[in-house]
Amino acid sequence: MRAGLLTAVLAVASVPAQAVEDPDKATAADEAITESLQRKQQREAELAALSRDIELSAGQQSEIAREIEAIDRDSQALTATILRTAQKVKALEGDLANTERRLARLGENEDAVRASLQERRGVLAEVLAALQRIGRRPPPALAVRPSDALAAVRSAILLNAVMPEIRIEAEALAADLEELTRLKTTIAGEKNRLRGDAMRLAEEQSRLELLMSAKRRQRDTSAEKLAAERQRAEELADKAGSLKELIAQMEAEIESARVAARAAARSAESRQGGRPPVSNPFVDPGRLTPAVAFIEARGQLPKPVSGVLLKDFGQEDDFGGRTEGQSIATRPGARITAPNDGWVVYSGPFRSFGQLLILNAGDGYHVLLAGMDRIDVELGQFVLAGEPVGVMGSTHWASASTFGLGSTQPVLYVEFRKDGSAIDPTPWWARTEEEKVRG
């Protein structure tokens with residue numbers, strides 16, 4: 001039985017016997033490292049393919065399109081559906097990212113077990129040879145053949161000397177093999193979970209694209225006016241030396257940004273009379289101005305994406321200064337949502353920031369989102385907290401705010417400003433259930 005077990009272990013380790021004996025072959029450590037890297041690259045390719053290659057059937061696309069047509073005429077219902085769908089997309093992206101991280105850890109554990117087996121392949125060969133010899137020449141049965149008493153005593157002495165060590169090695173190898181089998185089963189389950197979540201994500205993303213297309217049709221801004229404002233905004237961005245200067249120039253020279261700034265000021269004035277506190281200021285999808293002052297939304301703003309915080313506000317950067325915002329690693333193609341109610345002041349490329357979105361939140365507050373591959377909102381547009389505003393790319397966009405973070409994932413840069421100066425966004429974020437559990 002042990003011989004069969006050890007044979008299986010040797011097969012799993014995939015180490016040919018002659019590799020131990022041939023000094024001209026690569027060392028065991030080099031082979032293990034090479035094989036581990038190959039498996040890691042293969043796993044990464046498989047994970048990428050699982051999410052990338054999933055497409056919805058024509059029937060599913062048609063069903064979603066009919067659903068959108070049914071609510072297209074009701075602006076408030078359309079916006080409410082967009083917010084709910086964006087929330088589902090963000091949650092699914094978070095689930096996918098967690099599953100991918102679990103799969104990466106499981107893959108590393110599998111590599112560790114395989115490496116342990118490979119490091120002991122010399123011992124495996126010795127133990128297997130000993131068990132095979134015992135199997136070919138078993139000790140005589142003293143009760144049946146008394147004449148073999150001397151041979152039986154000798155065999156007993158030999159077995160007493162070697163069997164404890166063989167037993168220990170066999171039990172250790174059996175434990176490794178059992179762990180390897182468990183890991184393979186767990187990995188298969190996680191991959192099935194990943195496929196299911198990726199399919200649901202593809203469906204919700206398709207629904208969101210159609211919803212946003214329907215909302216764009218409802219906007220009455222002419223294409224000519226929009227194109228002219230975009231061109232002027234790009235000219236101002238080329239001339240602006242800083243974000244503060246860009247915001248000031250946009251709100252002074254671009255009509256839609258000027259209108260947004262005036263609307264933010266009027267909204268602040270209308271709240272000066274006071275109003276009762278709201279437990280959830282983001283429940284009304286039909287609002288056209290912020291429900292509460294930005295300062296009153298502390299601890300309630302939804303984060304713009306599910307991801308991992310790479311660098312926080314106030315940490316040392318790579319240029320001898322301090323970071324003025326937060327950098328968040330995201331999944332490729334992740335949806336970005338507005339963290340707050342506000343008017344679009346700027347939407348487009350800006351220096352090393354890549355695609356930059358600036359929202360006027362009123363009362364001198366601005367929120368900046370940078371590093372996206374695509375922005376889906378226009379100058380002067382009022383967006384709600386949780387509303388989709390852009391999409392991340394497939395790779396890390398290197399910028400002055402994210403340089404040197406060591407991540408190959410796309411990185412979203414988030415910055416809050418008050419009267420032109422950067423402030424810490426942390427107090428404004430709503431805590432997730434996981435953060436509440438951690439305390």
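Residues numbered from 1 in each chain as written. Predicted model: local features only at pLDDT ≥ 70, side-chain atom pairs only at ≥ 80, totals over all residues. Heavy atoms only, no water.

Under an unreviewed UniProt entry, the protein has the name M23 peptidase domain protein and belongs to Polymorphum gilvum. According to the UniProt record, the Cofactor (unreviewed entry) comment for the protein is "Zn(2+)". (UniProt positions renumbered as here; feature names shortened; annotations may be inferred.)

Let us now look at the packing of helix α9 (residues 243–253) against helix α10 (residues 255–270). Where α9 contacts α10, the axes come no closer than 5 Å and their chain directions differ by 95°. What the angle tells us is that α9 and α10 run roughly perpendicular. Across from Met250, Glu251, Ala252 and Glu253 in α9, the residues of α10 making contact are Glu255, Ala257, Arg258 and Ala261. Among the residues making up the contact of α9 with α10, the classes are represented as four nonpolar, no polar and four charged. (Axes fitted to C-alpha atoms, helices over the stretch in contact; angles between N-to-C directions. Helix = DSSP H or I, 4+ residues; strand = E, 2+ residues; numbered from the N terminus. Parallel < 35°, antiparallel > 145°, perpendicular 65-115°, else oblique. Contact = heavy atoms within 4.5 Å. Nonpolar A, V, L, I, M, F, W, Y, C, P; charged D, E, K, R; others polar.)

Another aspect to go through is the side chain of Gln326. Within the secondary structure, Gln326 is located in strand β2 (residues 326–329). A polar contact is formed between the side chain of Gln326 and the side chain of Asp312, at a distance of 2.8 Å. Among the polar contacts made by the side chain of Gln326, one reaches the side chain of Thr426 at a distance of 3.1 Å. (Polar contact = N/O pair within 3.5 Å; in protein donor to acceptor, adjacent residues only side chain to side chain.)

We now examine the UniProt feature "coiled-coil region" (unreviewed entry) in the protein. Here the UniProt feature "coiled-coil region" (unreviewed entry) sits at residues 82–109. Measuring from the first to the last C-alpha atom of residues 82–109 gives 41 Å, for a span that is 100% helix and 0% strand.

Let us now look at the sheet that holds strand β3 (residues 335–337). In spatial order, the strands read β3-β9-β7; together these three strands make up an open sheet with antiparallel pairing. Every interior strand has two partners, whereas the edge strands, β3 and β7 (374–375), have only one. Here β7 runs beside strand β9 (residues 388–391); their pairing, made up of two bridges, is antiparallel. The partner of Ile375 across the bridge, within β9, is Gly390. Contacting β3 and β9, helix α5 (residues 75–119) crosses the sheet at an angle of about 125° to β3. (Pairing = 2+ DSSP bridges.)

Our focus in this paragraph is the packing of aromatic side chains. Inspection of the entire model under this criterion finds nine aromatic pairs. Taking the centre distance of 5.4 Å and the plane angle of 25° together, the rings of Phe294 and Trp428 count as stacked. Of this pair, Phe294 sits in the loop between α10 and β1 (308–311) while Trp428 sits in the loop between β11 (421–423) and α11 (433–438), and the two are 134 residues apart along the sequence. Taking 6.1 Å as the distance between ring centres and 25° as the angle between the ring planes, the aromatic pair formed by Phe350 and Phe353 counts as stacked. Assessed through its relative accessible area of 3%, Phe350 is described here as buried. For Phe353, a relative accessible area of 14% puts it in the buried group. Each member of the aromatic cluster is reached from another via a ring pair, and the members are Phe294, Tyr365, Phe416, Trp428 and Trp429. (Phe/Tyr/Trp six-rings, centres within 6.5 Å; stacked < 30°, edge-to-face > 60°. Buried < 20%, exposed > 50% of the residue type's maximum accessible area, 1.4 Å probe, protein only.)

A word on the pairing of strand β5 (residues 355–362). Remember that side chains alternate between the two faces of the sheet whenever the strand is regular. The element β5 is extensively covered by neighbouring structure, given that seven of its eight residues are classed as buried. Taken together, the six bridges between strand β4 (residues 342–349) and β5 define a ladder with antiparallel strand orientation. Bridge assignment links Ser347 to a residue of β5, and that residue is Leu357. Adjacent in sequence and paired antiparallel, β4 and β5 are bridged by five residues, among which Arg351 carries a positive phi angle near 45°. In this structure, β5 lies alongside strand β6 (residues 365–372), joined through seven bridges in antiparallel fashion. Bridged to Gly362 within β6 is Tyr365.

Turning to the pattern of salt bridges, a few remarks are in order. One pass over the full model with this rule turns up 19 salt bridges. Between Arg331 and Glu100 there is a salt bridge, with its nearest N and O atoms 3.0 Å apart. In this pair, Arg331 sits in the loop between β2 and β3 while Glu100 sits in helix α5, placing the two residues 231 residues apart along the sequence. In this structure, the salt-bridge partner of Arg322 is Glu316, at a minimum N-O distance of 3.9 Å. Taken together, the salt bridges that share partners define one network made up of Glu209, Arg335, Arg374 and Asp376. (Salt bridge = Lys/Arg side-chain N within 4 Å of Asp/Glu carboxyl O.)

Okay, the environment of Glu253 next. Mapped onto the elements of the fold, Glu253 is located in helix α9. The sequence separation of Glu253 and Glu229 amounts to 24 residues, and the corresponding C-alpha distance is 9.7 Å. There is a polar contact of 2.2 Å between the side chain of Glu253 and the side chain of Arg232.

With respect to the element layout, Val391 can be found in strand β9. Assessed through its relative accessible area of 13%, Val391 is described here as buried. Those residues in contact with Val391, other than ones at most four positions away along the chain, are Gly333, Ala334, Arg335, Met372, Asp373, Arg374 and Asp376.

Here the focus is the pairing of β6. Within β6, eight of the eight residues are buried, which leaves the element mostly enclosed by the surrounding structure. In this antiparallel pair of consecutive strands, β5 and β6, the connection spans two residues, and Asp363 shows a positive phi of 60°. Note that β6 and strand β10 (residues 411–418) share six bridges and pair antiparallel. Considered in β10, the bridge of His366 is made with Arg417.

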